[in-house]
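If you want the building blocks of each chain, they are given just below.
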Amino acid sequence: MAEQQGHMKALRCRECGREYPLEARHVCEFDFGPLEVVYDYEAVKDKLTRKTIEGRRQNMWRYAELLPVAGEPTVGQEVGFTPLIKADRLAERLGVRELWIKNDAVNYPTLSFKDRVVSVALSRAREMGFDVVACASTGNLANSVAANAASAGLKAFVFIPNDLEKGKVVNSLIYDASVIGIKGHYDEVNRLCAEIAGKYNWAFVNVNMRPYYAEGSKSQGFEIVEQLGWKIPRHTVVPMASGSLLTKIHKSYQEAVKIGLVEQVEYSVHGAQAAGCAPISTAFKEGQDFFKPVKPDTIAKSLAIGTPADGFYALKVFQETGGASDDVTDDEIREGIRLLAETEGIFSETAGGVTVGVAKKLIASGAIPADDSAVLCITGNGLKTLDAVENHAGQALEIGPSLREFEALLQSDKELGTAKQK
Ligand SMILES: *Cc1c(COP(=O)(O)O)cnc(C)c1O
Ligand SMILES: [Zn+2]
């Protein structure tokens, strides 16, 4: 029915399996199920071998055959291939044998994993002929759409809740995008964007373009398996807003097996949320298949989605992989940010504090056994959420420019670490 484009065969409903042409649409007309891109895996299998991948440039497009763009990507060519860091000092503090940090806090160009999904969505939007792009965002998506649209010469509208961190607002405005702050929380922003998308012929990356957009997250999972020497990690801890990244990391592991890049092994994908917005982890802990929507109240604004579009499927991933899900308070989030900074020299945003805090809980509870290995997905940069930690990081010591004053300072407090706390 649908016409194949590149390696994409069709869009398919996750619920009833009905297929649709490869257009800008995201829900099934019959049951409102989400649509997903179907690939020609036989053709992909022949082309996408370890050897071809390793011979390509180090960015997310080295896995192009499993990303939903028919021609060459034209937006975000340098995105991805962020470092995977062996985190021995953090592992010791959390009491687990081996830890790795997948560090998307330094993703190009806007310092969050959202550059992956946006480069796919905008490349696809462009080849479909759109010249206006838009999004409903909790902050990082707005930054990435604004920046990548600027470099591609596309007009961008970004819609955000009006209470976001200053760093995230400025980081959208600077690229000359139209930034529209909505007096309401993310779920209201999203509802408005669905209405606008129905009326204007714009590519809303996470509304009508969502099937393409979401696939971009798989690149993080492909990189993890490649950087581990073509192995799926035993445990992966992923922060959740809509739950999309988590479901796509799971999908990337399955696809890597399907096309013969890695061996099938047992693995678990775990989810992390903030206690102030934990619809998915609450449902998991109560043993429910469905989540109850919540009104967000947390410093982890990037994860503050009270009605997560992929929450239902995230819960399925825990079931299928033996994963767990938990949540942490604002204080635990700040503690997680500091712990990662002190042990590994990585300054993450609040979402990273959530991931580290939840990993700590999962290790303590045995959901991640002490003798196992885990990858923690750090998805955004701390410089964008300074507001969350600025009154909790201590203060610089101040003296005049003289050696005498410096030595007096050392004398007055041998343990400068203690002085810092004051
Ligand atoms: C958007 C975002 C996530 C998670 O997004 P999903 O909607 O679950 O895919 C995680 N971390 C950061 C920093 C984000 O901006
Ligand atoms: Zn359907």
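In this text, all values refer to a predicted model and were calculated from it rather than measured experimentally. (Residues numbered from 1 in each chain as written. Chains lettered and ligands numbered in written order. Predicted model: local features only at pLDDT ≥ 70, side-chain atom pairs only at ≥ 80, totals over all residues. Heavy atoms only, no water.)

**Examining the sheet that holds strand β3 (residues 35-39)**
To summarise the sheet geometry, strands pair through backbone hydrogen bonds and adopt either a parallel or an antiparallel arrangement. Across the sheet, three strands lie side by side as β2-β1-β3; this open sheet has antiparallel pairing. Taken across any chain shown, the strands that pair with only one partner, and hence form the sheet edges, are β2 (19-20) and β3. Bridge count between strand β1 (residues 8-13) and β2: two bridges; the pairing is antiparallel. Considered in β2, the bridge of L11 is made with Y20. (Pairing = 2+ DSSP bridges. Helix = DSSP H or I, 4+ residues; strand = E, 2+ residues; numbered from the N terminus.)

**Description of the sheet that holds strand β13 (residues 373-378)**
Judged by pairing direction, the sheet is mixed, and its six strands sit side by side in the order β4-β5-β13-β10-β11-β12 without closing on themselves. Edge positions in the sheet fall to β4 (84-86) and β12 (325-328), since each of these pairs with one other strand and no more. Sheet twist, expressed as the average angle between the axes of neighbouring strands with direction ignored, equals 25°. Here strand β10 (residues 235-239) runs beside strand β11 (residues 268-274); their pairing, made up of five bridges, is parallel. (Axes fitted to C-alpha atoms, helices over the stretch in contact; angles between N-to-C directions.)

**A short note on the pattern of salt bridges**
Taken as a whole and assessed by the stated rule, the structure comprises 31 salt bridges. R116 is the salt-bridge partner of E223, the closest N and O atoms lying 2.8 Å from each other. On the criterion of sequence distance, the pair formed by E223 in helix α9 (residues 218-227) and R116 in helix α4 (residues 114-127) is long-range, its members being 107 residues apart. The shortest N-O distance in the salt bridge between D327 and K285 comes to 2.9 Å. Here K285 lies in helix α11 (residues 279-285) and D327 lies in strand β12, a separation of 42 residues in the sequence. With relative accessibility at 10%, the residue D327 sits in the buried group. A network of salt bridges, in which partner residues are shared, links E36, E215, K218, K248, K251 and E255. (Salt bridge = Lys/Arg side-chain N within 4 Å of Asp/Glu carboxyl O. Buried < 20%, exposed > 50% of the residue type's maximum accessible area, 1.4 Å probe, protein only.)

**A few points about the coordination of the zinc ion (ligand 2)**
For the zinc ion (ligand 2), every protein donor is listed as C13 (SG), C16 (SG), C28 (SG), D31 (OD) and D31 (OD), and the spread of their distances is 2.3 to 2.5 Å. Ordering the donors of the zinc ion (ligand 2) by residue number gives the pattern C-x2-C-x11-C-x2-D. Taken as a pair, C16 in the loop between β1 and β2 and D31 in the loop between β2 and β3 lie far apart in primary sequence, 15 residues in all. (Donors = N, O, S within 2.8 Å, 3.2 Å for Na, K, Ca; no water.)

**Regarding the site of ligand 1**
What surrounds ligand 1 is a group of 16 residues, the closest being K114, N140, S242, L245 and T379. Within the side chain of K114, an N or O atom sits 2.8 Å from an oxygen atom of ligand 1. Note that a nitrogen atom of ligand 1 is positioned 2.6 Å from one of the side-chain N or O atoms of T379. In isolation ligand 1 exposes 380 Å². Once the protein is present, 97% of that is buried. A breakdown of the residues in the shell around ligand 1 according to their chemical character gives seven nonpolar, seven polar and two charged. (Near = heavy atom within 4 Å. Polar contact = N/O pair within 3.5 Å; in protein donor to acceptor, adjacent residues only side chain to side chain. Areas by Shrake-Rupley, 256 points an atom, 1.4 Å probe, with all protein chains shown as cover. Nonpolar A, V, L, I, M, F, W, Y, C, P; charged D, E, K, R; others polar.)

**Focus on the nonpolar core**
Ranked by internal contacts, the top residues of the largest apolar core, which has 79 residues, are V133 and V145. Among the nonpolar cores identified, the runner-up in size contains 50 residues, and L90, V96, Y186 and A374 belong to it. (Core = buried A, V, L, I, M, F, W, Y, C linked by side-chain atoms within 4.5 Å.)

**A few points about the environment of K384**
Here K384 lies in the loop between β13 and α15 (386-389). Judged by its relative accessible area of 5%, K384 is buried. Each residue touching K384, except ones within four places of it in the same chain, is listed here: T110, L111, S112, N140, N143, E165, G167, K168 and N171. A distance of 2.9 Å separates a polar atom in the side chain of K384 from a polar atom in the side chain of N143. (Contact = heavy atoms within 4.5 Å.)

**Comments concerning the packing of aromatic side chains**
Under the counting rule described, the total for this entry stands at 10 aromatic pairs. Seen from their ring centres, F312 and Y313 are 5.1 Å apart, and the 75° between their planes marks the pair as edge-to-face. A relative accessible area of 22% places F312 in the partly exposed class. Exposure remark for Y313: the relative accessible area of 6% places this residue in the buried category. Pairwise contacts between aromatic rings join F157, F159, Y200, W202 and F204 into one cluster. One cation-aromatic arrangement involves K155 over F157; the distance from NZ or CZ to the ring centre is 5.0 Å. In this arrangement the basic side chain of K258 is found over the ring face of Y41, its NZ or CZ atom lying 4.3 Å from the centre. (Phe/Tyr/Trp six-rings, centres within 6.5 Å; stacked < 30°, edge-to-face > 60°. Lys NZ or Arg CZ within 6 Å of the ring centre and 35° of its normal.)

**Points about a nonpolar patch on the surface**
Taken together, the side chains of I399, L403, F406 and L410 define a hydrophobic patch exposed on the protein surface, amounting to about 350 Å² of accessible area. Its place among the elements puts F406 in helix α16 (residues 403-412). (Patch = residues over 30% accessible without salt bridge, like charges linked within 9 Å, V, L, I, M, F, W, Y side chains within 5 Å.)

**A few points about the side chain of T236**
Positionally, T236 belongs in strand β10. Other than its neighbours up to four places away in sequence, T236 contacts I249, Y253, S268, V269, H270, V375 and C377.

Just geometry here; none of it tells us what the structure is for.
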